[in-house]
Amino acid sequence: MKKIKTVVQTVVFALVVLMLSSAAGPNAPKKVIKLGFIPLTDCAPLVVAKEMGFFQKYGVEVQLSKEASWANVRDKILNGELQGAHCLFSMPFSVYTGVGGKPGAEMKIAMVLNNNGQGITLSKEFCGLAGFKEYKKVAPAVKAVQAKKEVTFAMTFPGGTHDIWLRNWLAACGVNQKSVGIITIPPPQMVSNMKVDNMEGFCVGEPWNGVAATQNIGFTHVASQDIWKHHPEKALVVNKEFAEASKEDLKNVMKAILEACKWLDNMSNRKKAAGWLTKPNYVNAPLAVIEARLLGSNDLGCDLGVQKYKDDYMTFFNNGFVNAPRKSHGIWFMAQYVRFGYLKSDPEYKAIAEKLVLDDLYNEVAKSMNVTLPGDDMKPFKITIDPTPFDPNNPEQYVSLAKK
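**Overview of the sheet that holds strand E5 (residues 118-123)**
- One open sheet holds the five strands; their spatial order is E7-E6-E8-E5-E9, and the pairing between them is mixed. Two strands lie at the open edges of the sheet, namely strand E7 (181-184) and strand E9 (218-223), each paired on one side alone. Each strand of the sheet is rotated relative to its neighbour by a mean of 25°, with strand direction disregarded.
- Note that strand E6 (residues 152-155) and E7 share four bridges and pair parallel.

Now the structure itself:
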């Protein structure tokens, strides 16, 4: 009798296991992956992957979360509330080195989302003092405005891309960064802050430069591609645990976003993308401004006319050149932190880049999708506005030579 009871128990247990495994089969609800974004035009790859069904195509359930500031994005990635986000490429290096977060805190860069497409806007007070790309006129213009008031510039996150474009621009224009105020303002709040005279200039992503020009609050003095043509800008940055414990999910997210980036670089698709981005749950800015700058047409404001970019507008794929995350670019940003006084000594450049850049994972995903790998990492390069060449194998030499 005991033997029969044991057999029955075994059969019942097997049936329960079978039922549970069936419930967890193809029809079971998928784990939700939460990705954050800031309302900027270059969140487009995440929006397109969602709206076009690419996440679904690659078998991942993704929820997009609109965030208020880059500090929010940082905190939520680190505490696991977000598995990943549309993020400033340099933020993981800023956080890890203690410039913009807790030293040693790890955020991983899975892939780059876009090149180009940011800008520096100057207030109407600079109208007639320094026009589009008139770098030599900036220092005298700043002094002229300083005769009446303090001059303050805004960026979006300490050590972030916008912060570093702003400081490189100041150095190239011969303006000592210590002679002006530099404050942090979240991207969607830039225009409203300039309206109430909280700053005389800002560096931010689109569409906010375009919005300032359209509202006659300021004008586009320079685009970021004029500072460094084809620079890395936003990246898919992920939580360390998600990168390590959910690698297959992350690869599928990357595949969906990579397909979205390809779709976006077909210029005939950009009007459709602008139609999604203009919605309140995404960027919530005028359609005409988003669309024009996505198409490379920048109405500068201040009667400066329209600047048209032919090959260096905001790019999302560019035959695979955009998306490969390069350790050399991370090293360049960390060298800027030393150059501009954020760090008192050189960090462990290569070791940090190796720790934070998931280039091997990206290479695996790119190969699976027949995407060309650029193969230019760790080679010397020079950015457009800075005459000092940069060798990622010798960042210390660059720091000693670069203009502060």
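**Quick look at the side chain of asparagine 323**
- Here asparagine 323 shows up in the loop between strand E12 (306-308) and helix H15 (327-339).
- Polar side-chain contacts of asparagine 323 include one of 2.9 Å to the backbone oxygen of valine 112.
- Engagement of the side chain of asparagine 323 in a polar contact is seen with the backbone oxygen of phenylalanine 316, the distance being 3.0 Å.
- When residues no more than four places from it in sequence are discounted, the contact partners of asparagine 323 are Met111, Val112, Leu113, Leu258, Cys261, Phe316, Phe317 and Tyr362.

**What to know about the pattern of salt bridges**
- If you walk through the whole model with that rule in mind, you get 25 salt bridges.
- Residue aspartate 42 is joined to lysine 234 by a salt bridge in which the shortest nitrogen-to-oxygen separation is 2.7 Å. Taken as a pair, aspartate 42 in the loop between strand E1 (32-37) and helix H2 (44-51) and lysine 234 in strand E10 (residues 234-239) lie far apart in primary sequence, 192 residues in all. You'll find aspartate 42 and lysine 234 in the same group, each marked buried.
- Lysine 76 is the partner of glutamate 81 in a salt bridge, and the nearest nitrogen-oxygen pair spans 3.8 Å.
- Ionic contacts of the salt-bridge type, sharing partners, join the residues Glu106, Lys108, Lys240 and Lys355 into one network.

**Examining helix H7 (residues 161-173)**
- Here H7 is 13 residues long and its end C-alpha atoms lie 18 Å apart, about the 18 Å a rise of 1.5 Å per residue gives.
- In terms of residue burial, H7 counts as a mostly covered element, since 12 of its 13 residues are buried.
- Glycine 174 lies just past H7 and shows a positive phi near 80°.

**What to know about the packing of aromatic side chains**
- With the rule as written, the count across this model stands at 14 aromatic pairs.
- Between tryptophan 165 and tryptophan 228 the ring centres are 6.0 Å apart and the planes differ by 85°, which places this aromatic pair in the edge-to-face class. Highlighted residues: tryptophan 165 in helix H7 and tryptophan 228 in the loop between helix H10 (224-227) and E10, separated in sequence by 63 residues. Taken as a pair, tryptophan 165 and tryptophan 228 share a single burial class, namely buried.
- Seen from their ring centres, tryptophan 228 and phenylalanine 381 are 5.4 Å apart, and the 15° between their planes marks the pair as stacked. In this pair, tryptophan 228 sits in the loop between H10 and E10 while phenylalanine 381 sits in the loop between helix H17 (359-368) and helix H18 (395-401), placing the two residues 153 residues apart along the sequence. The same class applies to tryptophan 228 and to phenylalanine 381, which are both buried.
- A connected cluster of aromatic rings, assembled from ring pairs, spans Phe89, Phe93, Trp165, Trp228, Trp332, Phe333, Phe381, Phe390 and Tyr398.
- The ring of phenylalanine 321 is capped by arginine 326, whose NZ or CZ atom sits 4.6 Å from the centre of that ring.

Conventions used here
- Residue numbers run consecutively from 1 along every chain, following the written order of its sequence.
- Local features in a predicted model are, by the rule used here, given only for residues with pLDDT of at least 70; side-chain atom pairs are given and counted only at 80 or more, and totals for whole chains, interfaces and linings are based on all residues.
- Think of the side-chain values as coming from all heavy atoms in the structure, minus any hydrogens and water.
- Each pair of strands is called paired provided DSSP finds at least two bridges between the two strands.
- By the criteria applied, helices consist of DSSP H or I runs no shorter than four residues and strands consist of E runs no shorter than two, each listed in order from the N terminus.
- Axes, fitted as lines to C-alpha atoms, cover a helix only where it is in contact. Angles between the N-to-C directions of the axes lie from 0 to 180 degrees.
- For the purposes of these results, a polar contact is taken to be a pair of N or O atoms within 3.5 Å, where, inside protein, one atom must be able to donate a hydrogen and its partner to accept one; residues adjacent in sequence count only when each atom of the pair is a side-chain atom.
- Working rule for contacts: check all heavy atoms of both residues, and any pair within 4.5 Å makes them a contact.
- The salt bridge definition used is simple: a Lys or Arg side-chain nitrogen within 4 Å of an Asp or Glu carboxyl oxygen.
- Burial classes: relative accessible area under 20% of the type maximum marks a residue as buried, over 50% as exposed, and values in between as partly exposed (1.4 Å probe, protein chains only).
- Helix span, expected: 1.5 Å multiplied by one less than the number of residues in the helix.
- Pairing of aromatic rings covers Phe, Tyr and Trp, the last counted by its six-membered ring, and requires centre-to-centre distances within 6.5 Å; plane angles under 30 degrees mean stacked, over 60 mean edge-to-face, and any other angle means tilted.
- Criterion for a charge above a ring: Arg CZ or Lys NZ at most 6 Å from the ring centre, at most 35 degrees from the ring normal.

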